[in-house]
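Remarks on the overall topology
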Amino acid sequence: MTKRCQWVEGKPDYYIAYHDHVWGKPEHDDSALFRWLILEMFHIGLSWQLVLSKQTHFDEAFDAFDYQKIATYDEQKITALLENKGIIRHRGKIQAAITNAQAFMNVQEQYGSFDAFIWSFTNGETIVKAQDVHITQNDLSAQVTKALKRHGFKFLGSVTIYSYLQAIGVVNDHDFDCDFR
């Protein structure tokens with residue numbers, strides 16, 4: 001029998017798939033890095049299960065998270081997103097997604113890729129949980145948040161960024177007895 005992190009017990013299949021195939025796994029594709037950043041941003045104040053349950057709708061509504069397209073969204077597109085019942089309809093988060101797409105491309109231009117930027121904080125290494133404790137932020141997430149804000153990113157804080165770093169595998173916080181560690 002497969003052993004998973006305790007927090008995934010009793011969750012729907014899509015949530016288990018996220019745990020098994022995404023969470024804590026190093027991600028280096030800029031498109032995927034952007035997608036998870038925006039989904040984490042929409043997670044603020046809500047359950048991660050809710051966000052994951054709406055992934056397909058988000059993918060459709062946000063042009064498969066094509067940051068080049070999102071960077072050009074206008075008021076007409078914002079209105080359409082606000083009317084889309086399949087996603088989380090929050091004007092501030094939608095506008096931040098547009099701003100963040102623009103900032104994302106600026107970081108790519110400056111660093112060669114967003115991957116090079118985000119992984120530079122750990123010299124390309126995954127930080128693996130050293131203690132069997134659960135935290136929601138740390139010095140690394142605070143440092144990354146500060147850097148993102150300097151680059152113009154909006155609607156992101158240290159807790160959200162810690163969750164993001166877990167999602168993209170910069171941080172691997174799987175339980176010690178989890179088969180996916």
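Cut-offs and rules
- The residue count restarts for each chain, going from 1 along the sequence in the order it is written.
- Where totals are concerned, whole chains, interfaces and linings use all residues; where local detail is concerned, this predicted model gives features only for residues with pLDDT of at least 70, and gives and counts side-chain atom pairs only at 80 or more.
- As a rule here, side-chain values come from all non-hydrogen atoms in the structure, and water together with hydrogens is ignored.
- The secondary structure listing takes helices from DSSP runs of H or I that are at least 4 residues long and strands from runs of E that are at least 2 residues long, numbered from the N terminus.
- Contact criterion: two residues are considered in contact whenever any of their non-hydrogen atoms come within 4.5 Å of each other.
- Two rings from Phe, Tyr or Trp (for Trp, the six-membered ring) form a pair when their centres sit within 6.5 Å of each other. Planes less than 30 degrees apart are called stacked, planes more than 60 degrees apart edge-to-face, and all others tilted.
- Accessibility here uses a 1.4 Å probe with only protein chains present; expressed as a share of the type maximum, an area under 20% marks a residue as buried, one over 50% as exposed, and anything in between as partly exposed.
- Lysine and arginine charges are scored as sitting over a ring when NZ or CZ, respectively, is within 6 Å of the ring centre and within 35 degrees of the ring normal.

You will see that Phe65, though not glycine, has its phi angle at about 55°, which is positive. Considering the arrangement of structural elements, one finds Phe65 in the loop between helix H4 (55–61) and helix H5 (67–70). The phi torsion at Phe155 lies on the positive side, around 60°, for a residue other than glycine. As for its placement among the helices and strands, Phe155 is situated in the loop between helix H9 (139–150) and helix H10 (158–167).

Another aspect to go through is the environment of Leu52. Take Leu52: it is sitting in helix H3 (residues 48–53). Each C-alpha atom, one on Leu52 and one on Tyr14, is 7.2 Å from the other, the two residues being 38 residues apart in sequence. In contact with Leu52, other than residues within four places in its own chain, are Tyr14, Tyr15, Tyr18 and Trp36.

With that settled, the discussion passes to the packing of aromatic side chains. The description of an aromatic ring pair uses the distance of the two centres, along with the angle that the planes make with each other. Counted under the stated rule, the structure contains 18 aromatic pairs. Ring centres 5.7 Å apart and planes at 75° place the aromatic pair Trp7 and Tyr15 in the edge-to-face group. Since its relative accessible area comes to 26%, Trp7 is described here as partly exposed. On the basis of relative accessibility, which here comes to 8%, the residue Tyr15 falls in the buried class. Where Trp7 meets Trp23, the ring centres are 4.8 Å apart and the plane angle is 75°; that geometry is what we call edge-to-face. Here Trp7, found in the segment before helix H1 (13–21), pairs with Trp23, found in the loop between H1 and helix H2 (30–43); they are 16 residues apart in sequence, far enough to count as distant. Taken together, Phe34, Tyr67, Phe104, Tyr111, Phe114, Phe117, Phe121 and Phe153 form an aromatic cluster joined through their ring pairs. Directly above the ring of Tyr15 sits Lys11, whose terminal nitrogen or CZ lies 5.1 Å from the centroid.

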